[in-house]
Amino acid sequence: GVIALGADNQGKAALLVAVTPDLTKRFKAGSLIRELAPMIDGRGGGKPALAQAGGADTEGLDRALARVKELIANG
C-alpha cells in the first residue's frame, strides 16, 4: 500500500509518504514527496519506501493529500 500523512506542526506543514516494498517499483515515496512538497511551499526527499517534506504553507496540506490520490490512480 501507499500511505500519505499530512500535519500542521506548530504552524509548519509536514508530509510523510510510505510505500510497501511490493509497490516500490511502481511508486517511489521520494518521487511522490518531491511532487507534493511545492504544494506546501517546501522541499523534501527520501528513499523509495519512505520520504518526508516540510514547508511553510499549511493550507496546501489538503491539496497535497488529494494529489497523492490522483498520482496513485494514474500510476
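Here, every reference points to the structure presented above.
Below or above, wherever it landed, is the structure these notes cover. (Residues numbered from 1 in each chain as written. Predicted model: local features only at pLDDT ≥ 70, side-chain atom pairs only at ≥ 80, totals over all residues. Heavy atoms only, no water.)

So, the pattern of salt bridges
Here is step 1: Tallied over the full model, the rule gives three salt bridges.
Here is step 2: For R67, the salt bridge is made with E35, and the minimal N-O distance between the two is 2.8 Å. Of this pair, R67 sits in helix α2 (residues 61–74) while E35 sits in helix α1 (residues 29–36), and the two are 32 residues apart along the sequence.
Here is step 3: When its relative accessible area of 37% is taken as the criterion, E35 is described as partly exposed.
Here is step 4: For R67, the salt bridge identified is with E70, shortest N-O distance 2.9 Å. Of the two residues, R67 and E70 both sit in helix α2, three residues apart, roughly one turn of that helix.
Here is step 5: Given a relative accessible area of 23%, R67 falls into the partly exposed group.
Here is step 6: The network of salt bridges with common partners includes E35, R67 and E70. (Salt bridge = Lys/Arg side-chain N within 4 Å of Asp/Glu carboxyl O. Helix = DSSP H or I, 4+ residues; strand = E, 2+ residues; numbered from the N terminus. Buried < 20%, exposed > 50% of the residue type's maximum accessible area, 1.4 Å probe, protein only.)

Details of α1
Here is step 1: Of all the positions in α1, only A29, G30, L32, I33 and L36 are classed as buried. An end-on view of α1 places all buried positions within 160° of arc, on one side of the element. (Arc of directions from axis to C-beta.)

A short note on the packing of α1 against α2
Here is step 1: Packing of α1 against α2 leaves a shortest axis separation of 10 Å and a crossing angle of 135°. Taken together, α1 and α2 sit at an angle that is classed as oblique. By crossing handedness, the relation of α1 to α2 is classed as right-handed. Along its contact with α1, which presents L32, E35 and L36, the element α2 presents A64, R67, V68 and L71.
Here is step 2: Looking at the contact of α1 with α2, its residues break down into five nonpolar, no polar and two charged. (Axes fitted to C-alpha atoms, helices over the stretch in contact; angles between N-to-C directions. Parallel < 35°, antiparallel > 145°, perpendicular 65-115°, else oblique. Left-handed = near helix turned anticlockwise from the far one by under 90°. Contact = heavy atoms within 4.5 Å. Nonpolar A, V, L, I, M, F, W, Y, C, P; charged D, E, K, R; others polar.)

Side note on the environment of T20
Here is step 1: Structurally, the position occupied by T20 is in the loop between β2 (12–19) and α1.
Here is step 2: In this structure T20 comes out as partly exposed when scored by relative accessible area, which is 29%.
Here is step 3: Between the C-alpha atom of T20 and that of V2, which follows or precedes it by 18 residues, the distance is 6.5 Å.

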